[in-house]
There are 6 protein chains.
Amino acid sequence: MSIAVYPGSFDPVTAGHLDIIERSAKVFNKLVIAVLVNSAKTPLFTTEEKVDMIRETTKHLNNVEVTSFSGLLVDFAREQNANVSVRGLRAVTDFEYELQIAQINSKLNKQLDTMFFTTSIEYAYVSSTIVKEIASYGGDVSDMVPPYVEECLKKKFGK
Amino acid sequence: MSIAVYPGSFDPVTAGHLDIIERSAKVFNKLVIAVLVNSAKTPLFTTEEKVDMIRETTKHLNNVEVTSFSGLLVDFAREQNANVSVRGLRAVTDFEYELQIAQINSKLNKQLDTMFFTTSIEYAYVSSTIVKEIASYGGDVSDMVPPYVEECLKKKFGK
Amino acid sequence: MSIAVYPGSFDPVTAGHLDIIERSAKVFNKLVIAVLVNSAKTPLFTTEEKVDMIRETTKHLNNVEVTSFSGLLVDFAREQNANVSVRGLRAVTDFEYELQIAQINSKLNKQLDTMFFTTSIEYAYVSSTIVKEIASYGGDVSDMVPPYVEECLKKKFGK
Amino acid sequence: MSIAVYPGSFDPVTAGHLDIIERSAKVFNKLVIAVLVNSAKTPLFTTEEKVDMIRETTKHLNNVEVTSFSGLLVDFAREQNANVSVRGLRAVTDFEYELQIAQINSKLNKQLDTMFFTTSIEYAYVSSTIVKEIASYGGDVSDMVPPYVEECLKKKFGK
Amino acid sequence: MSIAVYPGSFDPVTAGHLDIIERSAKVFNKLVIAVLVNSAKTPLFTTEEKVDMIRETTKHLNNVEVTSFSGLLVDFAREQNANVSVRGLRAVTDFEYELQIAQINSKLNKQLDTMFFTTSIEYAYVSSTIVKEIASYGGDVSDMVPPYVEECLKKKFGK
Amino acid sequence: MSIAVYPGSFDPVTAGHLDIIERSAKVFNKLVIAVLVNSAKTPLFTTEEKVDMIRETTKHLNNVEVTSFSGLLVDFAREQNANVSVRGLRAVTDFEYELQIAQINSKLNKQLDTMFFTTSIEYAYVSSTIVKEIASYGGDVSDMVPPYVEECLKKKFGK
């Protein structure tokens, strides 16, 4: 039985993240989406809001759970009995960083392997950072996030 | 049920390939290793020799099959009812090429997704091409291929 | 007045090339598409067939000319009074090679600058090489080339 | 008629930027240099100082205008009736970021295309960040910025 | 006589840094390890602690000196009569940045050349940033830093 | 005492190679330039011509020797008592390949380390392949090779 974790900031979840989630849910028996609580960064959304947005937009997927964690991914994965960490890859600079993290994680937890999907071409340009930038100026992000997240962004920016 | 194909030239199979095979066999229910018959290239080993070397070095893995194919991977995957194509990633230039192939394949066969493992760090420098180059000059490749393949290389090069 | 050349092998012209051609035709007063005659490579199509396919698929563009050349691009551009060489960029490895060529060309012909478009996202995976590979196995390339080129490929491969 | 915008931080304008400006001014009918007002960053120079330095060093170019903007580039370009956004490319990591931005912008404003020049080789190492770092320690930046900007840097750092 | 400087933040020195130091000490007559005092960043360790950790872990190397510097590397190298700056390279994005710095430095000090070692494969994943992140959560970094540095990290994080 | 080898095809030696040679000759006690005899490739110049061109253009350097070798670099380096292999780096794709070779070589010969110089900016665009391409069409390569090599190229191409 394959249990995968999909860790990330998800500030907020985008159409690109959902694409990875739906494809992972087909391949693994169970997928745990894990929102990283990182005290060093100042996110736009609270951890609760992030978890809520992912739950709302993945409720059609039976084998998906959404939660949050702090600390090292390898420790969280061990608690979840996960044997795979799932990551999406977009660009070459992503790849190098992800490669380094995958190597560190396999060193720290020998039971945890990392597998990569490449982002579907129609979401290759989407990132949470760009979505927030465009939404903050009232630009149209309806192709980049699910409708529920679009609403949450409008509320945040008061537009 | 997840059925994965792992396509490649495998001329010959290396310790790096075996690392990907063993890790894939843990994640997927069934793994089909598929030697690509490419009439345009002149390989060192025949297709039969390549298949034999992989079978010999993966016989401890129950859910692994070894075969060969010609034509498009997407057609072969459809015949095998595979929903995942597995690829190993080593370097940035690998990544770009693999990304392009993954996008083409998902366009040609919507049922086939591509997942990537990154090569374990101890095999990051190993490739079939380098193994053949070193073996052709009588250099030591015992860390780079399984013992059975090392013997096959010695026979080929008459050393 | 800006006169641009767009040099390439075009073996055959793809939907990605046409995208660059249409976008260039909007920006420059005149665009000269220049099929490189390279005796060192064995193309699938003859130079005449390549020129014919481009003419047929660009006849709706008034300020576009199609021709062929051999020798150095910088000499051809000088004959055409062109001040810009247009290139499409897809990937990081493309970029490095193109950067080197642009620097050499600006050294050899100070009147010739190089400008780059990035491939539209829906054609990011398309290349002449991949189109030929897929068409040779009877795969579907209708999204990757114009209908006229699709017919030419079918004739070539007798399918 | 081709109208191009060249957006950037220009904190301060460097010899590399001027190289792109002079080459763009030859290709397009009109070039609008647009200093981005980004409230999130703390620049060394004020927007007014940045605009002044660019005006002073481009006054020999008839078809160049200098101004500032805030918000999304696609909206600013629409107001200016610009059909091209000009960008300079130096390195591979630049390229990936610029590619993403170009794709987002073409999605948000279909009338706006992005064209890239590669930095001339003698300015390949120059960036505003490095210029400020060197100037802050009293190092020699006379090859990296125009004389007027060198004076402005000396005043800023009181040297 | 070759005198090399090896500049860096060393916050803290890692097994990867030590690998570069030991290899450099074999090639050059004298090696000066130079801790950069950068007022803009907030390091975990003080400059004194950083110098102490490097001295402690390099005391078996006769031709190595450890010191700190502020300002431009090229000025420091001139004071030390150094003709080489040594850098370790891990990844492609490292490489681009390092290439730019090497070009700037050779411009500012013609007597100073830059030479690169690539990190040994077993330390390819190690960086000061990742070491601090793992140590802050009580993770095991004994393969990534010398024992003396591991102790210093435990004291810092009170674990 | 540091003895370095600088291996390569040198078909022919370019101004970029000479730049690396002169810089290496300053750092190492002795530099052995080693022309690789590769039976698989068809070079423009014979091994004797290649060695002759390098000897002719490096005769002002006292600590430089020029020779040829076949087989594995690690074996040749051992015979020469060399402890360093010198390589020039130009681009990101160069870097990845060179990194792989460096790791293989350090595995095969623990006494041999690899050090990299980055090409000086004025030669960043120069390669033997491009020099041959331009010279074959009678283009001007006087900035890219020493005068003696320019003469040899003219003789080869009968121009």
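What comes next concerns the included structure. Treat the numbers as computed from the prediction; the structure is a model and nothing was measured. For every chain, the first residue of the written sequence is number 1, and numbering continues from 1 onward in sequence order. In the order they appear in the text, chains get letters beginning with A and ligands get numbers beginning with 1. It should be noted that, the model being predicted, local features are given only for residues of pLDDT at least 70 and side-chain atom pairs only at 80 or more, the latter also being counted only at that level, while totals for whole chains, interfaces and linings use all residues. Each side-chain value is worked out from all heavy atoms of the structure, with water and hydrogens disregarded.

Focus: the relation of the copies chain C and chain B
C-alpha atoms of residues with pLDDT of at least 70 in both copies form the basis for the least-squares superposition of the copies. Least-squares fitting of chain C to chain B yields an RMSD of 0.0 Å, with the superposition described by an axial translation of 0.0 Å and a rotation of 120 degrees. Taken together, the turn and the small shift mark the pair as related by a three-fold rotation axis. In terms of proximity to the rotation axis, the leading residue of chain C is C:Thr93, whose C-alpha is 4.0 Å off the axis. We call two residues contacting when some pair of their heavy atoms lies within 4.5 Å. Taken as a fraction of all interface residues of chain C, those also at the interface in chain B reach only 7%, which identifies the copy contact as different-surface.

A closer look at the packing of aromatic side chains
All names here are of chain B. Side-chain rings of Phe, Tyr and Trp, where Trp is taken by its six-membered ring, are said to pair if the distance between their centres is within 6.5 Å; with planes under 30 degrees apart they count as stacked, over 60 as edge-to-face, and otherwise as tilted. Scanning the entire structure with this criterion turns up 15 aromatic pairs over all chains. Consider the rings of Tyr6 and Phe10, whose centres lie 5.3 Å apart with planes at 85 degrees: the pair is edge-to-face. Accessible area is worked out with a 1.4 Å probe on protein chains only. A residue is then buried under 20% of its type maximum, exposed over 50%, and partly exposed in between. Here Tyr6 falls in the buried class, since its relative accessible area comes to 4%. Overall, Phe10 belongs to the buried group, its relative accessible area being 2%.

Looking at the side chain of D:Thr47
All names here are of chain D. Looking at the secondary structure, you find Thr47 in helix α2 (residues 47–57). On the basis of relative accessible area, Thr47 is assigned to the buried category, the value being 18%. Sequence-distant contacts of Thr47, defined by excluding residues within four places in its chain, comprise Val35, Val37 and Ser68. In this text, helices come from DSSP runs of H or I with a minimum length of four residues, and strands from runs of E with a minimum of two, each type numbered from the N-terminal end.

Side note on the relation of the copies chain D and chain C
Least-squares fitting of chain D to chain C yields an RMSD of 0.0 Å, with the transformation described by 0.0 Å of translation along the axis and a rotation of 180 degrees. Here the symmetry operator amounts to a two-fold rotation axis. No C-alpha of chain D lies nearer the rotation axis than that of D:Phe116, which sits 2.4 Å from it. Looking at the interface residues of chain D, 100% of them are also at the interface in chain C, so both copies use one shared face.

A look at the interface of chain C and chain B
Note: interface size is frequently given as the accessible area lost on complex formation between the parts. Counting from both sides, the interface comprises 14 residues of chain C and, opposite them, 10 residues of chain B. Put simply, buried area is the surface a 1.4 Å probe can reach on two separate parts but cannot reach once they are joined, added for both. Interface of chain C and chain B: buried area, both sides summed, is about 1,100 Å²; carbon and sulfur atoms make up 70% of it. For chain C, the biggest contributors to the area lost against chain B are C:Tyr125, C:Ile130 and C:Tyr137; these three give 48% of the whole. Take a side-chain nitrogen of Lys or Arg and a carboxyl oxygen of Asp or Glu: if they are within 4 Å of each other, that pair is a salt bridge. Our count for the chain C to chain B interface comes out at 1 salt bridge. Note that B:Lys107 is salt-bridged to C:Asp143, the shortest N-O span being 3.2 Å. For the side of chain C that touches chain B, the elements supplying multiple residues, two or more each, are α4 (92–108) and α5 (128–136) of chain C. No other element matches α5(C), which puts 3 residues into the side of chain C that touches chain B. Here the term charged refers only to Asp, Glu, Lys and Arg, the term nonpolar to Ala, Val, Leu, Ile, Met, Phe, Trp, Tyr, Cys and Pro, and the term polar to all other amino acids, Gly among them. Taken together, the residues that form the side of chain C that touches chain B break down as 7 nonpolar, 3 polar and 4 charged.

What to know about the packing of α4(C) against helix α4 (residues 92–108) of chain D
To define axes, lines are fitted to C-alpha atoms, for helices over the stretch in contact only, and angles between the resulting N-to-C directions are given on a 0 to 180 degree scale. At a minimum axis separation of 10 Å, α4(C) and α4(D) run at an interaxial angle of 120 degrees. Overall, the two elements α4(C) and α4(D) adopt an arrangement that is oblique. Of the two elements, α4(C) crosses α4(D), and the hand of that crossing is right-handed. Two secondary-structure elements touch here, α4(C) through C:Val92, C:Phe95 and C:Glu96 and α4(D) through D:Val92, D:Phe95 and D:Glu96. Split into classes, the residues belonging to the contact of α4(C) with α4(D) amount to 4 nonpolar, no polar and 2 charged. For classification purposes, angles smaller than 35 degrees are called roughly parallel, those larger than 145 roughly antiparallel, those between 65 and 115 roughly perpendicular, and all remaining angles oblique. In this scheme, a crossing is called left-handed if the near helix is turned counterclockwise away from the far one by less than a right angle; it is called right-handed if the turn is clockwise.

Some remarks on the interface of chain D and chain C
Across the contact, 24 residues belong to chain D and 24 residues belong to chain C. Approximately 2,000 Å² of surface area, both sides summed, lies buried where chain D meets chain C, with 64% of it carried by carbon and sulfur atoms. On the surface where chain D and chain C come into contact, there are 2 salt bridges. The closest approach of N and O atoms between C:Asp113 and D:Arg23, which form a salt bridge, is 2.8 Å. N or O atoms within 3.5 Å of each other form a polar contact, as long as, within protein, one can give a hydrogen and the other can take it, and as long as residues adjacent in sequence are counted only when both atoms are side-chain atoms. Viewed at the interface, chain C and chain D are joined by 5 residue pairs in polar contact (both at pLDDT 80 or more).

A word on helix α4 (residues 92–108) of chain A
Between its first and last C-alpha, α4(A) extends 25 Å over 17 residues, near the 24 Å set by a 1.5 Å rise per residue. Within α4(A) the residues assigned to the buried category are A:Val92, A:Phe95, A:Glu96, A:Glu98, A:Leu99, A:Gln100, A:Ala102, A:Gln103, A:Ile104 and A:Asn105. Helix span is expected to be 1.5 Å times the residue number reduced by one.

Side note on unusual backbone geometry
Omega for the peptide link from A:Asp11 to A:Pro12 comes to 5 degrees, which places this bond in the cis form. Among the structural elements, A:Pro12 can be located in the loop between β1 (3–8) and α1 (15–27). In the Ramachandran plot, F:Phe10 falls in the positive-phi region, its phi being about 50 degrees despite a non-glycine side chain. Its identity is not glycine, yet F:Asn81 carries a phi of approximately 55 degrees, on the positive side.

Here's the deal with helix α6 (residues 147–157) of chain C
Residue and element names in this part refer to chain C. Restricting attention to buried positions, one finds in α6 the residues Val149, Glu150, Cys152 and Leu153. For α6, the buried positions fall inside an angular range of 160 degrees around the axis, keeping them on one side. Exposed side chains of α6 directed beyond 90 degrees from the buried face belong to Pro147 and Lys155. Elements in contact with the buried residues of α6: α2 (47–57) and α5. In the stretch just after α6, Gly158 is the one whose phi turns positive, near 60 degrees. Each direction from the helix axis to a C-beta atom contributes to the arc, which is the arc of those directions.

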